[in-house]
Amino acid sequence: MIDLRSDTVTKPTEEMRMAAYKAEVGDDVYGEDPTVRKLEETAASLLGKEDALFVTSGTQGNQIAILVHCTPGQEVILEEESHIFYYESAAASALASVQTRTIPGIRGRMDPGKVERAIRGEDIHYPETGLICIENTHNRAGGAIIPLTNMNEIHTLANKNNIPVHIDGARLFNASIALGVPVSELAKYSESVQICLSKGLGAPVGSLLAGNKAFIRRARKWRKRLGGGMRQAGVIAAPGLIALTKMPGRLGEDHENAKRLAEGASNIQGLSVVNKVETNIVVIDISGTGMDEYQFVERLKERGILGGTFGEGLVRLVTNYDVSRDDIDSAVSHLHKIARDES
Ligand SMILES: *Cc1c(COP(=O)(O)O)cnc(C)c1O
């Protein structure tokens, strides 16, 4: 199987499995797991924040950020197709009792003017704006990179209005590698940032939430309330440390493979690549084949390739550590055959 459904499907490397086996552990709820602490300190330092917290998932990290930054009845400004709005089961309203205010973006990026106009002034009728979220890279925009200038403008206007910014950086390392800047350069335009270890970085579990010390102290309590206080979590933090320190450097391969896949697909009659491929996500409009996205994904599966549906007429393919350049060439040739057989 060539699994292109997501970059979450990667299996831990041998080195990660060995690290898990040998990890020094303790009860992390008591603050006694040295491996977890090392992971948190390493993440904080890489991200240029005072402290960090190891959380179970990207969703948990994002939601804890909302819970810490906001109070019930506030409003969170975020992009219309952002993960927090689109894929987190309305957790922001179910857990933090906040309302979402979505801004349509262009390739995932919100116009700073629109963000500023969405901020609510003091009025008895209005919710207060409690938080602004930026997603980098932007998943539904096809792994699009949010440029530093855009983040800087939004962060500056947020600060001017005393509103914190949270970066959903599930794939922040992809942006960092593609732009050739350290992750801290991206994370600095925020009061908090969440990164996933379990996506392109290949760890089996976990995310990190980073911010200042006071923020992380409150985040730690929210994590406990949500049932995310983990005990000898060093066994999952150890592979996470390898993901964080050794895996970012190879993300460029995923980006090369995604470009190769997009180039191959765009030469096939009936298919068109809808996103400008900047990182590891390729979104293909398959409607020219006469099939719908479910039929197309089924045809792929029959040929040993797994992809995901991504809305009407759209299929998403994500390159990852477990997919080689040869696999990409093979996937392109199968795409070709599927499109040819149907038309
Ligand atoms: C995957 C993803 C998340 C959530 O991560 P989980 O670990 O699956 O909960 C958050 N934001 C973005 C942009 C993602 O792609």
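Everything numeric here is computed off the predicted structure, so don't read it as measured data.

## So, the pattern of salt bridges
So, step 1. Under the defined criterion, the tally for this structure stands at 22 salt bridges.
So, step 2. The partner of Glu41 in a salt bridge is Arg37, and the shortest N-O contact between them spans 3.4 Å. Placement of both Glu41 and Arg37 in helix H2 (residues 34-47) is noted, with a separation of four residues, approximately one turn of the helix.
So, step 3. Judged by relative accessible area, which is 46%, Glu41 ranks as partly exposed.

## Describing the side chain of Glu88
So, step 1. Within the element layout of this structure, Glu88 appears in the loop between helix H4 (83-86) and helix H5 (91-96).
So, step 2. No salt bridge is formed by the buried Glu88; the nearest opposite charge belongs to Lys199, separated by 7.6 Å.
So, step 3. One polar contact links Glu88 to Gln63, side chain to side chain, over a distance of 2.9 Å.
So, step 4. A distance of 2.6 Å separates polar atoms of two side chains, one belonging to Glu88 and the other to His83.
So, step 5. The residues touching Glu88, leaving out its near neighbours within four places in the chain, are Thr59, Asn62, Gln63, His83 and Asp168.

## Some thoughts on empty space enclosed by the protein
So, step 1. Tallied over the full model, the rule gives two cavities of 30 Å³ or more.
So, step 2. Volume-wise, the largest cavity comes out at about 50 Å³.
So, step 3. Contributions of two or more residues to the lining of the largest cavity are made by strand S5 (129-135) and helix H7 (148-160).
So, step 4. For the lining of the largest cavity, the element with the highest residue contribution is S5, accounting for three residues.
So, step 5. Each pocket or cavity is described by its volume, and for the second largest cavity that value is around 30 Å³.
So, step 6. As for the second largest cavity, its lining consists of Ala170, Arg171, Phe173, Asn174, Cys196, Lys199, Gly200, Leu201 and Leu251.
So, step 7. Broken down by class, the residue content of the lining of the second largest cavity amounts to five nonpolar, two polar and two charged.

## Quick word on the UniProt feature "domain: Aromatic amino acid beta-eliminating lyase/threonine aldolase" (unreviewed entry) in the protein chain
So, step 1. In this numbering, the UniProt entry assigns the feature "domain: Aromatic amino acid beta-eliminating lyase/threonine aldolase" (unreviewed entry) to residues 3-286.
So, step 2. In residues 3-286, the share of helix is 42% and the share of strand is 16%. The end C-alpha atoms are 19 Å apart.

## Thoughts on the site of the ligand
So, step 1. Around the ligand sit 13 residues, and of these Gly58, Thr59, Asp168, Arg171 and Lys199 come closest.
So, step 2. Gly58 has a polar backbone atom sitting 2.8 Å from an oxygen atom of the ligand.
So, step 3. Separating an oxygen atom of the ligand from a side-chain N or O atom of Thr59 is a distance of 2.6 Å.
So, step 4. Contact with the protein chains removes 85% of the 380 Å² of surface that the ligand exposes when unbound.

## Considerations on unusual backbone geometry
So, step 1. At the junction of Asn136 and Thr137, the peptide bond is cis and its omega measures out at -5 degrees in the coordinates.
So, step 2. Assignment of secondary structure puts Thr137 in the loop between S5 and H7.
So, step 3. Of note in the backbone geometry, Ser89 takes a positive phi value of approximately 50 degrees without being a glycine.
So, step 4. Looking at where Ser89 falls in the secondary structure, it is placed in the loop between H4 and H5.
So, step 5. Ser89 gets classed as exposed once you look at its relative accessible area, which sits at 69%.

Rules of the game
- Residues numbered from 1 in each chain as written.
- Predicted model: local features only at pLDDT ≥ 70, side-chain atom pairs only at ≥ 80, totals over all residues.
- Heavy atoms only, no water.
- Salt bridge = Lys/Arg side-chain N within 4 Å of Asp/Glu carboxyl O.
- Helix = DSSP H or I, 4+ residues; strand = E, 2+ residues; numbered from the N terminus.
- Buried < 20%, exposed > 50% of the residue type's maximum accessible area, 1.4 Å probe, protein only.
- Lys, Arg positive; Asp, Glu negative; His and termini not counted.
- Polar contact = N/O pair within 3.5 Å; in protein donor to acceptor, adjacent residues only side chain to side chain.
- Contact = heavy atoms within 4.5 Å.
- 1 Å grid on protein atoms, 1.4 Å probe; cavity = no way out; pocket = protein on both sides within 12 Å on 5 of 7 lines; lining within 4 Å.
- Points joined across faces, edges and corners; volume = space filled by probe spheres on them.
- Nonpolar A, V, L, I, M, F, W, Y, C, P; charged D, E, K, R; others polar.
- UniProt positions renumbered as here; feature names shortened; annotations may be inferred.
- Near = heavy atom within 4 Å.
- Areas by Shrake-Rupley, 256 points an atom, 1.4 Å probe, with all protein chains shown as cover.

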